[in-house]
Amino acid sequence: MDYPQEVRNCTGHHLHCWPCCLHLLQPCCRFGYSDELLLLPEVLVPPLALLPASTAEFTQQGIDFLTQMFAKHDLDQDQALSPQELVSLFATCPLTPWGPEVYHQAPTNHRRWLGLPGYLCLWHLTALLEPTRCSALLAHLGFDYHAPALPAPPPPLAATKERRAEAAKSSPKAVYSCLVVGPRDAGKTTFCQRFLGRDHEATSLIPVDELPKATVNSVMVYGQTKFLVLLDTDITTAADCLTPLQTSSDVVCLVYDSSNPRSFEYCARIYLRYFSTTQLPVLVVANKSDKGVVRQDYILQPEAFCAKHKLPPPQRASARLVPAKDIFLKLATMAAFPRFQAAWMLFYRGR
Ligand SMILES: Nc1nc2c(ncn2[C@@H]2O[C@H](COP(=O)(O)OP(=O)(O)OP(=O)(O)O)[C@@H](O)[C@H]2O)c(=O)[nH]1
Ligand SMILES: [Mg+2]
């Protein structure tokens, strides 16, 4: 077949050759584009083998790539991505993957823009919750999984080791998930926003359709930076089912309203149903402590329940009082040292 000159010269290279590629599909496929000029992730992105109890985390290579992308698109070098700079960063992706809800998922600067810490937090969240999509996004952003180099360059994402019942005393992961469960109106969503330093007023201003189901921030655990992802559940009765993904979190936070006598029973029932026979660390939070603490209508009071089940004592929290930052440190410590209760000694101090 006699192709026009530009087709014969075609190197099959990315978007520059699209007119030729409409004739010659082979180069497109070779470079990971379909005949609709969409990236084919299965061609460009090597599959990430994840075992059921393992998660995907960024390697140093991945973090370096993301940091370079941040610097490249922070045109005014104010150490933050404005909404326009964020659009420009994702311009090579089929859709902008981060909508307005991301500003309620990770820490932001005084202008409510993403600085490098919040931006990296969001990437850790994406890798944890949607590893396949995360790998494909990196390819859209220009990460070359097939760069010719000897030895082969490390991938941007790697699978963590599977968590086993007899796991080592400390876990080498950097990103941990925390399931936040509690009865309706216990203050779970406000508690998750508190992790980003926002009080109940700031939370009440978030449009309902932007209320996130996950929030992420970094926490220093014994000198190491860890990322904690809070998963805000919305099961309405203790009889509703938690999904396997939810019950395989690294740590569980049972939140009840300490000013409502009917609140703790829900947490007790969830604990007995899902977590009393697992080795997952569990922390009970007595929320809305600014409204006072009332006796709970349950066979055991929260303190006695925790003592009976060898859980740390209930932690008081309030979105109206000084930030309960230490609770998040406690949760991250429990996640990082799931079987090393001596590392949790800080729990019994200043609660
Ligand atoms: N006084 C007081 N009010 C709080 C506190 N935390 C949350 N609230 C209020 O309690 C109400 C419910 O808070 P949410 O954070 O939406 O509770 P939730 O558990 O996520 O509620 P659902 O998602 O509907 O189950 C809101 O009006 C909050 O402002 C607190 O620490 N103190
Ligand atoms: Mg909620």
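Criteria and cut-off values
- Residues numbered from 1 in each chain as written.
- Chains lettered and ligands numbered in written order.
- Predicted model: local features only at pLDDT ≥ 70, side-chain atom pairs only at ≥ 80, totals over all residues.
- Buried ≥ 20, exposed ≤ 12 C-beta atoms within 10 Å, placed from the backbone.
- Helix = DSSP H or I, 4+ residues; strand = E, 2+ residues; numbered from the N terminus.
- Pairing = 2+ DSSP bridges.
- Axes fitted to C-alpha atoms, helices over the stretch in contact; angles between N-to-C directions.
- Parallel < 35°, antiparallel > 145°, perpendicular 65-115°, else oblique.
- Left-handed = near helix turned anticlockwise from the far one by under 90°.
- Contact = placed C-beta atoms within 7 Å.
- Nonpolar A, V, L, I, M, F, W, Y, C, P; charged D, E, K, R; others polar.
- Expected span 1.5 Å × (residues − 1).
- Arc of directions from axis to C-beta.
- Core = buried A, V, L, I, M, F, W, Y, C linked by C-beta atoms within 7 Å.
- Domains from an automatic or database assignment.
- Near = placed C-beta within 6 Å.
- pLDDT = per-residue confidence, 0-100.

## Concerning the pairing of strand β5 (residues 175-181)
Burial within β5 is extensive, with seven of its seven residues counted as buried. Residues V175, S177, L179 and V181 point to one face of β5 and Y176, C178 and V180 to the other, with burial holding for every one of them. Judged from the six bridges that link them, β5 and strand β7 (residues 224-232) form a sheet pairing that is parallel. Note on β7: the bridge partner recorded for Y176 is L228. With four bridges joining them, β5 and strand β8 (residues 251-257) adopt parallel strand pairing.

## Remarks on the packing of helix α5 (residues 60-73) against helix α7 (residues 116-129)
At a minimum axis separation of 11 Å, α5 and α7 run at an interaxial angle of 135 degrees. Taken together, the axes of α5 and α7 are oblique relative to one another. The way α5 lies across α7 gives a crossing that is right-handed. Contacts between α5 and α7 pair I63, L66, T67 and F70 from the former with L116, Y119, L120 and W123 from the latter. Of the residues contributing to the contact of α5 with α7, the split by class is seven nonpolar, one polar and no charged.

## Some details on α5
Between its first and last C-alpha, α5 extends 20 Å over 14 residues, near the 20 Å set by a 1.5 Å rise per residue. Taken as a whole, α5 has its buried residues at G62, L66 and F70. The buried side chains of α5 occupy one side of the element, clustering within an arc of 75 degrees when seen end-on. The exposed set on the far side of α5, more than 90 degrees from its buried face, consists of Q60, D64, Q68, A71 and K72.

## Digging into the nonpolar core
In this structure, C178, V180, L228, V229, C253, L254 and L331 are the most contacted members of the largest nonpolar core, which totals 77 residues. In terms of residue count, α7 provides more of this core than any other element does, eight residues in total. If you count residues domain by domain, this core takes at least three from each of domain 2 (56-146 + 155-159) and domain 3 (175-348). Setting aside its immediate chain neighbours within four residues, C253 contacts C178, L179, V180, L283, V285 and L331.

## Examining helix α12 (residues 264-275)
Helix length check: α12, at 12 residues, gives a terminal C-alpha distance of 15 Å against a target of 16 Å (1.5 Å per residue), a fit within 8%. Of all the positions in α12, only F264, Y266, C267, A268, I270, Y271 and F275 are classed as buried. Contacts made by the buried residues of α12 are with β5, β8, β9 (282-287) and α13 (302-308).

## As for the site of ligand 1
Residues in close proximity to ligand 1 total 18 residues, the closest being G187, K188, T189, T190 and A319. Secondary structure elements with two or more residues in the shell around ligand 1: α9 (188-194) and α10 (200-204). Its residues assigned to classes, the shell around ligand 1 shows two nonpolar, eight polar and eight charged.

## Some details on the sheet that holds strand β6 (residues 214-221)
A sheet is described by the order of its strands in space; here six strands give the open sequence β6-β7-β5-β8-β9-β10, paired in mixed fashion. Pairing within the sheet leaves two strands with one partner each, and these edge strands are β6 and β10 (315-316). Note: β6 against β7, eight bridges, orientation antiparallel. Each residue of the ladder has a partner; that of N217, found in β7, is L228. Seen against the sheet, α7 touches β5, β6 and β7 and runs at an angle of roughly 110 degrees to β6. Along the sheet face, α12 touches β5, β8 and β9 and points at about 160 degrees away from the line of β8.

## Observations concerning the confidence of the model for the protein chain
Scored by pLDDT, the protein chain has a mean of 83; 80% of the residues are at 70 or more. Predicted confidence for residues 1-29 stays below pLDDT 50, and this span has 30 contacts to residues more than four positions away or in other chains.

## Concerning the environment of L114
Position of L114 relative to the elements: it lies in strand β3 (residues 114-115). Taking the C-alpha atoms as reference, L114 lies 8.7 Å from P83; in sequence the two are 31 residues apart. Leave out the neighbours within four places in its chain, and L114 touches A80, L81, L86, A106, T108 and Y119.

## A word on unusual backbone geometry
Positive phi, normally seen in glycine, also occurs at R112, with a value near 70 degrees. Among the structural elements, R112 can be located in the loop between α6 (83-89) and β3. Note on R112: 11 C-beta atoms within 10 Å, which makes it exposed.

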